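Survey of secondary and tertiary structure
Residue strings, one per chain:
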Amino acid sequence: MSDNWYDGRSVRHEGDGEGRFAGWEAQQDTTTGTPASGRQDAPGHRPEEPAHASPWTPFHDPVPVSGHIPAHAPARAASSALPASPVPASGGGRRGTRRASRPVVPRPRPATAPGPRLRSAARRAPGPVRRRLDRLDPAIRHAARRVLTLLCLLPLLLILAHEAPRLAQSPLVLGYGFVVLVGTIAMLFIAYSRYDDPSERMLRKRPRGLGTFPALPSNPRVSFLLAVKDEVDCIEDCVRSMAGSDHQDLQIIVVDDLSEDGTRDVLRRLEAELGITVIYLEKNVGKKHALVHACEVADGDVIAFTDSDCILAPDALARCIRAMVDHPELGAVSGHARALNANHTLFTKMQDVWYEGQFRVAKAAESTFGSVSCVSGPLAVFRRDAIYNYLPAWAGDRFMGAPFLFATDRQLTGYVLGQRWRGKALKRKYADSPFVTAQDYPERAWRIGYVQSAKVWTNVPARFRPFMKQQIRWKKSFIRNLFFTGSFMWRRGLGPAALFYGHVLWVVAAPLMAFRHLVWAPAHGAGFLTLLYLCGVILKGCVWGLAFKVDNPGDTHWRYRPLMSLLSSVLLAWLLPYSLATIRRGVWSRSLT
C-alpha cells in the first residue's frame with residue numbers, strides 16, 4: 001500500500017549475491033532473547049457489532065469480475081445504491097462472514113517464501129548494555145537511556161554551544177544549519193531515549209481516556225490484503241510470505257487488477273494450494289479502488305496491507321497484532337521496512353540505510369507521541385473500526401479539482417489521526433456508501449504506533465530514472481497530505497505538532513536553501529558559503545550513518561548515508577516545486593530497472 005502503483009516490474013527478489021534466498025531459521029527475539037510468541041495475551045473482548053455486509057462502493061462504476069461467488073463470501077448490503085452484482089472471490093479455506101467467538105483451529109503451515117539473505121534479516125541477541133538496561137526498574141531504565149543518549153549526542157551539543165554565540169552575528173550564514181542540527185539532535189534524542197516497541201513492552205505513556213477504546217480479542221481475526229498488477233516475477237514470494245505468517249486467524253485476499261503478464265496463472269495456482277481468496281477484476285481500476293474491493297470481502301477485526309514486491313518475516317504481522325491487542329488505543333501500526341535488493345546498486349545501498357533511519361528514528365520519534373504520520377505500505381496494519389467508514393473517502397480522494405491517485409499511505413493514516421475532527425464531515429459526504437451505513441463507528445482519538453521488530457523487505461528502485469520518478473510521487477503525496485493532515489495535526493499536542501510541522505518546514509525550505517547556497521552564493525563570489533553548506537550536509541549524513549551503525553553493527557551500508565544526504569540536498573530538493581507544478585499529472589510508472 002505504498003504511495004506507488006503498478007508498473008510491470010521485471011526485477012526479481014534477490015539476496016546479496018550469495019544465493020537467491022536463505023531459509024528462515026528458528027531464532028530468538030531480536031531484543032529480548034525470547035521466542036516471538038512468548039508474550040501472554042492481554043485481556044480483551046470482541047466488540048459487540050452485527051455481521052458485516054460486503055458493501056459495494058457507490059463512488060465508482062461496477063467493475064466486471066471473473067470467477068464465482070464462493071459460499072463463504074458475505075452477502076452484499078441491501079442498502080447499496082447500486083444493484084447487486086457478484087463480487088468474485090474465488091478460493092476457499094479460512095473465510096466467512098463475521099462470526100461469534102469460536103475456537104481457532106491452528107492453520108497448517110504452508111510452504112513459505114524463504115527469507116532474504118541479508119544482514120537486516122538476521123536476528124541478533126541484545127548487546128550487554130541492552131541486557132543490563134532490561135534488568136532495571138522501568139523508571140530507572142528510562143532515566144538511564146536518557147543519560148546514555150545525551151552522552152552519545154554530546155559532540156553535537158558541543159558544536160551547537162560553540163556556534164551559538166556566532167549565530168547572532170551571522171544569522172543568514174549559520175541560521176539554517178543551526179536549525180537543522182537542533183532538529184536532528186531532538187529527533188535522535190526522542191527516538192533513542194523514549195521509544196519502546198509496543199509488541200515487547202507496555203507503553204509508559206497512555207491516553208487519559210484509555211477505557212473508552214474497545215479492546216480487541218486476544219486472537220483477533222485479521223484480513224490481510226494485497227493488490228497486484230503485472231507482478232509475475234515476485235508475486236509468489238510475496239503471497240507465500242503472507243501465508244507464512246505466525247498469526248493463526250488469518251484471511252488473505254488478493255486482488256488482481258487485470259494483470260496481463262501471467263500473474264493470474266500464478267495466483268490461480270496459489271489459490272488452490274494455499275486456500276486464499278483471489279478477486280480477478282476485468283477492468284483496471286487502480287490500486288486504491290482494488291484494495292477497496294478487497295475490503296468489501298474482508299471480515300477481520302484488523303485489516304492489514306502489504307505491497308506486491310515485499311517479503312515479510314513470519315512473525316511480522318503477529319507482532320503488529322500483539323501491539324494492538326495490548327494497546328487498544330492504537331488504531332494503526334507500521335512495521336519496519338528495509339531494502340530487499342539492498343546490495344544491487346549504489347542507489348539501493350543508499351536507500352537501504354535511508355529506510356532504516358526513516359523507520360528507526362523518524363517513525364520511532366513520532367510513535368512516542370502516538371502520531372506516526374505515515375503508516376507505510378510494506379506493512380500497514382489498521383483496526384477495522386479505525387478506517388472502515390473512511391474507505392470511500394480514501395478511494396474517492398480529490399485534490400485541486402481532480403482525482404488524486406497518490407498518497408495512499410499518508411491519506412489513510414490521516415483519516416485515523418484526524419477522524420476526531422474530520423470524521424463526521426467525511427462520513428456525511430459519503431453517507432450513502434455501505435461502508436458508512438453497514439456500521440457507523442464512533443470517531444476516536446486513536447494513536448498510531450510503530451513496531452520496530454516487525455520486519456519486512458521491499459524492492460527499491462535500482463536505477464536513477466525510476467528512483468527520480470518515485471521521489472516525485474512521494475513529493476506529490478507530501479503536498480497533498482500537507483493540506484489534509486496539516487489542517488489538524490496541531491490539535492494532537494505540542495510534540496506531534498513540532499515533529500510534523502518541523503518536517504514540513506525543512507522540506508519547504510530545502511529548495512530555497514539549495515538555490516541560495518548552490519546557485520546564488522557561487523554567482524556572487526560567496527563560495528565559502530557553498531562549502532559550509534555542503535560540509536553541514538555531510539555532517540548530518542554522518543550523524544544518521546552512525547545511528548545506523550549503532551543499530552546494525554557489522555553492516556557497512558552506514559557509509560552510504562552521507563551520499564544520500566548529498567543527493568537529497570543537491571538534487572532531490574529541487575523536485576518539490578516541480579512536483580507542485582505537475583501535481584495533476586496522473587500518469588506514473590514504478591519500474592525498478
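Residues numbered from 1 in each chain as written. Predicted model: local features only at pLDDT ≥ 70, side-chain atom pairs only at ≥ 80, totals over all residues. Heavy atoms only, no water.

**Let's talk about the packing of aromatic side chains**
Summed over the entire model, instances satisfying the criterion amount to 18 aromatic pairs. Aromatic pair Trp 354 and Tyr 355: ring centres 5.6 Å apart, planes at 75°, arrangement edge-to-face. Judged by relative accessible area, which is 8%, Tyr 355 ranks as buried. In this structure an aromatic cluster arises from ring pairing among Tyr 390, Tyr 415, Trp 421, Phe 484 and Phe 488. In this structure, Arg 360 is placed above the aromatic ring of Tyr 192, and the distance from its NZ or CZ to the ring centre is 4.3 Å. (Phe/Tyr/Trp six-rings, centres within 6.5 Å; stacked < 30°, edge-to-face > 60°. Buried < 20%, exposed > 50% of the residue type's maximum accessible area, 1.4 Å probe, protein only. Lys NZ or Arg CZ within 6 Å of the ring centre and 35° of its normal.)

**Overview of a positive patch on the surface**
A grouping of Arg 146, Arg 194, Arg 204 and Lys 205 is seen on the molecular surface, where their side chains present a positively charged patch. By secondary structure assignment, the location of Arg 194 is in helix 3 (residues 171-194). (Patch = residues over 30% accessible without salt bridge, like charges linked within 9 Å, V, L, I, M, F, W, Y side chains within 5 Å. Areas by Shrake-Rupley, 256 points an atom, 1.4 Å probe, with all protein chains shown as cover. Salt bridge = Lys/Arg side-chain N within 4 Å of Asp/Glu carboxyl O. Lys, Arg positive; Asp, Glu negative; His and termini not counted. Charge placed at Lys NZ, Arg CZ, Asp CG, Glu CD. Helix = DSSP H or I, 4+ residues; strand = E, 2+ residues; numbered from the N terminus.)

**Points about the packing of helix 13 (residues 464-484) against helix 14 (residues 494-523)**
Helix-helix packing is described using two parameters, namely the angle between the two axes and the distance between the axes. Viewed as axis vectors pointing N to C, helix 13 and helix 14 meet at an angle of 135°, and their least axial separation amounts to 12 Å. Of the possible angle classes, the one that applies to helix 13 and helix 14 is oblique. Regarding helix 13 and helix 14, the two cross each other, and that crossing is left-handed. Here helix 13 contributes Phe 478, Asn 481 and Leu 482 to the contact with helix 14, which in turn contributes Phe 500, His 503, Val 504 and Val 507. (Axes fitted to C-alpha atoms, helices over the stretch in contact; angles between N-to-C directions. Parallel < 35°, antiparallel > 145°, perpendicular 65-115°, else oblique. Left-handed = near helix turned anticlockwise from the far one by under 90°. Contact = heavy atoms within 4.5 Å.)

**Points about helix 16 (residues 561-570)**
Arg 561, Pro 562, Met 564, Ser 565, Leu 567 and Ser 569 are the residues of helix 16 that are buried. Those residues of helix 16 that are buried are in contact with helix 8 (346-367), helix 13, helix 14 and helix 15 (527-551).

**Digging into the pairing of strand 11 (residues 447-458)**
If a strand is regular, its side chains alternate between the two faces of the sheet. With ten of twelve residues buried, strand 11 lies mostly within the body of the structure. Taken together, the three bridges between strand 6 (residues 310-312) and strand 11 define a ladder with antiparallel strand orientation. When the bridges of strand 11 are listed, Leu 312 appears paired with Val 456. (Pairing = 2+ DSSP bridges.)

**Topic: helix 6 (residues 287-297)**
Of all eleven residues in helix 6, eleven are buried, a share of seventy percent or more. Looking only at helix 6, the buried set comprises Lys 287, Lys 288, His 289, Ala 290, Leu 291, Val 292, His 293, Ala 294, Cys 295, Glu 296 and Val 297.

**A closer look at the pairing of strand 7 (residues 330-339)**
Within strand 7, ten of the ten residues are buried, which leaves the element mostly enclosed by the surrounding structure. Pairing analysis gives eight bridges linking strand 7 to strand 11, with the strands arranged parallel. Along strand 11, the bridge assignment pairs Arg 338 with Trp 457. Summarising the sheet, strand 7 and strand 8 (residues 380-383) pair through three bridges and their orientation is antiparallel.

**Comments concerning the confidence of the model for the protein chain**
Within the protein chain, residue pLDDT values average 81, and 78% of them lie at 70 or more. Below pLDDT 50 for its whole length, residues 1-62 participates in 217 contacts with residues either more than four positions away or in separate chains. Note on residues 587-593: pLDDT is under 50 here. Beyond four places in sequence and across chains, it has 34 contacts. (pLDDT = per-residue confidence, 0-100.)

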